[in-house]
Amino acid sequence: MRAPGGPRLLLRRLREVMAEPVTAQARLDRIVVLIASNMVAEVCSLYVVHADGAMELFATEGLNREAVHLTTMRPGEGLVGLIASSAEPLAISDAQHHPAFSYKPETGEEIYQSFLGVPVLRGGATIGVLVVQNRARRTYSEEEVEALQTTAMLLAEMIASGELQGVAAQGAAMASRWPLSLKGLGIADGLGLGHVVMHQPRVAVSKIVADDVESELQRLETAISAMRASVDALIDRSDDGVSGEHRDVLEAFRMIAHDRGWLRRLREAVSSGLTAEAAVERVQNDARAKLQRQTDPYLRDRLHDLTDIANRLLHQLAGQSLVLLPEELPESAILVARSMSPAALLDYDRARLRGLVLEEAGASSHLAIVARALAIPAVSDIPNISEIVEQGDAIIVDGDTGEIHLRPPADVEAAYAEKARMRARKQAQYRALRDVPTITLDGVAIGLHMNAGLLVDMPHLAETGAKSIGLFRTELQFMLASQFPRPGAQEKLYRAILEAAGDRPVTFRTLDIGGDKLLPYMKGFEEENPALGWRALRIGLDRPALLRMQLRAFIRATAGRDLRVMAPMVSTVEEFKTARALFERELAWSASHGHEPPRSVKLGVMVEVPSLLWQIDEIAATADFLSVGSNDLMQYLYAVDRDNRRVANRFDPLSVGFLRALRAIAQAGGRAGTPVTLCGEIGGRPLEAMALMAIGYRDLSMSATSIGPVKAMTLTLRVYEVAREVEAMLVEGRAEASLREPLRALAERFKVRL
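Residues numbered from 1 in each chain as written. Predicted model: local features only at pLDDT ≥ 70, side-chain atom pairs only at ≥ 80, totals over all residues. Heavy atoms only, no water.

1. Section: the sheet that holds strand 6 (residues 125-134)
Line of reasoning, step 1. Taken in spatial order, the six strands line up as 3-2-1-6-5-4 in an open sheet, and their pairing is antiparallel. At either end of the open sheet lies a strand with only one pairing partner, and these are strand 3 (72-73) and strand 4 (90-92).
Line of reasoning, step 2. Pairing between strand 2 (residues 55-61) and strand 3: two bridges, direction antiparallel. Bridge pairing in strand 3 places Met55 opposite Met73. (Pairing = 2+ DSSP bridges. Helix = DSSP H or I, 4+ residues; strand = E, 2+ residues; numbered from the N terminus.)

Written as structure tokens, this is what we have:
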């Protein structure tokens, strides 16, 4: 049975109804009447999905109108629940004998046999279900299913706009445009209140019904060609002439852009009366809904590729840039992205940034480290967040608890504003401790140092009262530059850092690139496992000109000053000796050319590769100082990729095994008389810092925001008393996977402020 007038006429009539100056309920009532008439159905009903998954009858033509806002169903209940959970259409000629049928006596639907329902999708999520029913048994055609799906897309805009908030039963919170609280993983502490800014803004599809189908088809074809060209250009830029997984991934990306089935569905959607933009949104919603429910990791990963391709096509149609320009950032911006590189984050004006929300990023990832260095609250592991939010949405980011509050009610916003004020007062208390010597209650002096990577970090050195820059990440300069920084530019930065530090020492780490820190202007190379591959000092030793250039810049910048340099990713004593020989060569070259040498030189090693644990006495005797990179050491010791959210939090650094490894490093430094500093992120958390001091660490380097809390803890600590208890825990060989709770109880017993 064909719908009279077809979907195009229905869409135009619905658009007219949407524009009428009536209440939301009156508009819905008019809409279901129109759909029932067009579909030649006795019943048309709209159910809206609430934030808790429950479904509420919002409007009906044909069922008992008194059931509207009274009939609700649990998540997954009935045929409507089946559609909501599967996100797929359902057409059956004998609904009451379907195993999922759920009878609701108040609706009076027992006389209807045939049932057709489609999900109302938004960003791949089901936010409603649209149903038509007939008394007689009938088979619904593909054209009718298509017409109802197209109509559901128009209703999605109405639901997502928040217009229905005032007509929901019992004030229940609906999905989509209503307040929403989500729990993820806090990767950078702090509170941020602001408005959503998409890192890669999504195109808002405002016009759904096409005025001229042929014109829309032509626009679609033009945009497809331009999108394909942009993908080809991406592959050409990335082509290193070598086959392998990297090339295969890019070719798979291109295959999606040329997929005949996907393109056919786009053209069919336009032919049904949609604009080109609405067609892309419609097809992408359907595909995303299906792929999100897949358990196969490969298929779920393809979702990201498909989303990217669709996003590129939408931007081509809209004539918009794919990425928001950093200078376009508004005040009080909360960046939202599926994922981001550290370099991309550093491109933004951090004076305007109030927070960061991501779908993917580990707590120990370099993006998290940069966010903490910039004092930007950040939360990760929020599935589908880039599809849930809209540009400009009010949002609260709580990096302490890992929670975000989207479109928060006034009382929630007021509560968090007060929490932010309390946090500011606490920070003021920490600042008051700035000039207080960091000495435990039993007289042990502790050195608290600051991690940095940019010149703009340097004011925090005086603000926090840090003893020195315990780690200066030189790679950030390289990641921000559009081309490789020449020796003169490097020298200028290092001299400016030393001048800003004044009489406080600075420890420079040589270039630590590779893995997840790739330079945009360097030729790419593919590795099976980049974290275990060609990176850091390994690159410097294989490309000695690169390392010598940086060492020369260090030497010239520190003329007449003290120079401290440490090498990352050292795996053997021999590697460090080779690096030291390169340094000595550069020092001699500089002197022979009349340059003033540094006043003193200290060359150190980052202990982050487990092989050094079995050469620890030798490396402690060879290096001038040791610095423990606890993030990478933890990653390599437990074979856990710190950027893989499935395993990143599987093991706790406060475990017996890891604490024993850290203790061995501290003890080796003591035997050799070699200073040892821990510069990983665990040193910046009060409980972990207490444990580190208990196993022998007297110097910790951390982000600027962590110094106050760690100092406050240290001033309440009797380190020798705690050390005896912790040593007993390590000797016992306890069975717990983590000592976190025993250590917390210990801190409480000794009244240590955490």
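2. Thoughts on the pairing of strand 19 (residues 600-607)
Line of reasoning, step 1. Where strand 18 (residues 562-567) meets strand 19, six bridges bridge the pair, whose relative direction is parallel. Bridge pairing in strand 19 places Ala567 opposite Val605.
Line of reasoning, step 2. Each parallel crossover has a hand, and the one from strand 18 via helix 19 (residues 573-592) to strand 19 is right-handed.
Line of reasoning, step 3. Inspection of the sheet shows strand 19 paired to strand 20 (residues 625-628) by four bridges, in the parallel sense. Following the sheet pairing, Gly604 is matched in strand 20 by Phe625.
Line of reasoning, step 4. Handedness of the crossover is the feature at issue here: the chain leaves strand 19, passes through helix 20 (residues 616-622), returns alongside strand 20, and the resulting connection is right-handed. (Right-handed = clockwise from strand over helix to strand, strands pointing away.)

3. What about the sheet that holds strand 14 (residues 403-406)?
Line of reasoning, step 1. If you walk across this open sheet you meet the eight strands as 7-14-13-9-10-11-12-8, and the pairing is mixed. Of all strands in the sheet, those with a lone pairing partner are strand 7 (180-183) and strand 8 (185-188), marking the two edges. Across the sheet, the axes of successive neighbouring strands diverge by a mean angle of 30 degrees, strand direction being ignored.
Line of reasoning, step 2. Here strand 13 (residues 394-398) pairs with strand 14 via four bridges, running antiparallel. Among the inter-strand pairings, Asp398 is bridged to a residue of strand 14, identified as Glu403.
Line of reasoning, step 3. This element, helix 13 (residues 410-432), spans strand 9 (191-198), strand 13 and strand 14 of the sheet and lies at about 120 degrees to strand 9. (Axes fitted to C-alpha atoms, helices over the stretch in contact; angles between N-to-C directions. Contact = heavy atoms within 4.5 Å.)

4. Here's the deal with the packing of helix 18 (residues 544-557) against helix 19
Line of reasoning, step 1. Close contact between helix 18 and helix 19 brings their axes to 9 Å; oriented N to C, the two are set at 55 degrees. As the angle between them shows, helix 18 and helix 19 are arranged oblique. Here helix 18 and helix 19 pass one another in a crossing that is right-handed. Here helix 18 contributes Pro544, Leu547, Arg548, Leu551, Arg552, Ile555 and Arg556 to the contact with helix 19, which in turn contributes Leu582, Phe583, Arg585, Glu586, Leu587, Trp589 and Ser590.
Line of reasoning, step 2. Taken together, the residues of the contact of helix 18 with helix 19 sort by class into eight nonpolar, one polar and five charged. (Parallel < 35°, antiparallel > 145°, perpendicular 65-115°, else oblique. Left-handed = near helix turned anticlockwise from the far one by under 90°. Nonpolar A, V, L, I, M, F, W, Y, C, P; charged D, E, K, R; others polar.)

5. Focus on the packing of helix 23 (residues 686-694) against helix 25 (residues 719-732)
Line of reasoning, step 1. Direction vectors running N to C along helix 23 and helix 25 enclose 85 degrees, while the axes themselves pass 8 Å from each other. On the basis of their axis angle, the class for helix 23 and helix 25 is roughly perpendicular. Contacts between helix 23 and helix 25 pair Met690, Met693 and Ala694 from the former with Val719, Val722, Ala723 and Val726 from the latter.
Line of reasoning, step 2. Of the residues belonging to the contact of helix 23 with helix 25, the class tally is seven nonpolar, no polar and no charged.

6. Description of the pairing of strand 10 (residues 333-337)
Line of reasoning, step 1. Most of strand 10 is tucked away: five of the five residues are buried.
Line of reasoning, step 2. By the alternation rule, side chains of strand 10 split into Ala333, Leu335 and Ala337 and Ile334 and Val336, which are all buried.
Line of reasoning, step 3. Of the pairings in the sheet, the one linking strand 10 to strand 11 (residues 353-358) comprises five bridges and is parallel in character. Pairing of Val336 across the sheet is with Val357, part of strand 11. (Buried < 20%, exposed > 50% of the residue type's maximum accessible area, 1.4 Å probe, protein only.)

7. Focus: the pattern of salt bridges
Line of reasoning, step 1. All chains considered together, the criterion is met by 31 salt bridges.
Line of reasoning, step 2. Among the salt bridges present, the one from Glu221 reaches Arg267, with a minimum N-O distance of 2.6 Å. Here Glu221 is found in helix 5 (residues 213-238), whereas its partner Arg267 is found in helix 7 (residues 260-271), with 46 residues between them in sequence.
Line of reasoning, step 3. Salt-bridge contacts for Glu725 lead to Arg749; the nearest nitrogen and oxygen are separated by 3.4 Å. Of the two residues, Glu725 is situated in helix 25 and Arg749 in helix 26 (residues 740-749); the sequence distance between them amounts to 24 residues. (Salt bridge = Lys/Arg side-chain N within 4 Å of Asp/Glu carboxyl O.)

8. Observations regarding the environment of Ser611
Line of reasoning, step 1. Counting through the fold element by element, Ser611 comes out in the loop between strand 19 and helix 20.
Line of reasoning, step 2. Among the residues examined, Ser611 registers a relative accessible area of 33% and is labelled partly exposed.
Line of reasoning, step 3. Taking the C-alpha atoms as reference points, Ser611 and Ser571, 40 residues apart in sequence, are found 6.0 Å from one another.

9. As for unusual backbone geometry
Line of reasoning, step 1. The phi dihedral of Ser332 falls on the positive side, at around 55 degrees, and the residue is not glycine.
Line of reasoning, step 2. Tracing the backbone through its elements, the reader meets Ser332 in the loop between helix 9 (297-318) and strand 10.
Line of reasoning, step 3. Not every positive phi belongs to a glycine, and Ala639 is a case in point at roughly 55 degrees.
Line of reasoning, step 4. Its place among the elements puts Ala639 in the loop between helix 21 (630-637) and helix 22 (656-672).

10. Looking at the packing of aromatic side chains
Line of reasoning, step 1. Tallied over the entire structure, the rule returns five aromatic pairs.
Line of reasoning, step 2. Through pairs of rings, three or more aromatic residues link up here, namely Phe472, Tyr494, Phe508 and Phe554.
Line of reasoning, step 3. For Arg552, the ring lying beneath its charged end belongs to Trp589, and the centroid distance is 3.9 Å.
Line of reasoning, step 4. A cation over a ring is seen here: Arg564 above Phe625, with NZ or CZ 4.2 Å from the ring centre. (Phe/Tyr/Trp six-rings, centres within 6.5 Å; stacked < 30°, edge-to-face > 60°. Lys NZ or Arg CZ within 6 Å of the ring centre and 35° of its normal.)

11. Considering helix 3 (residues 78-86)
Within an α-helix, residues lying three or four positions from one another point in the same direction, as the helix has 3.6 residues per turn.
Line of reasoning, step 1. Of the positions making up helix 3, those classed as buried are Gly78, Leu79, Val80, Gly81, Ile83 and Ala84.
Line of reasoning, step 2. At its buried positions, helix 3 is contacted by strand 1 (43-49), strand 2, strand 3, strand 4, strand 5 (114-122) and strand 6.
Line of reasoning, step 3. Taken from the residues just after helix 3, Ala87 is the one with a positive phi, measuring 60 degrees.

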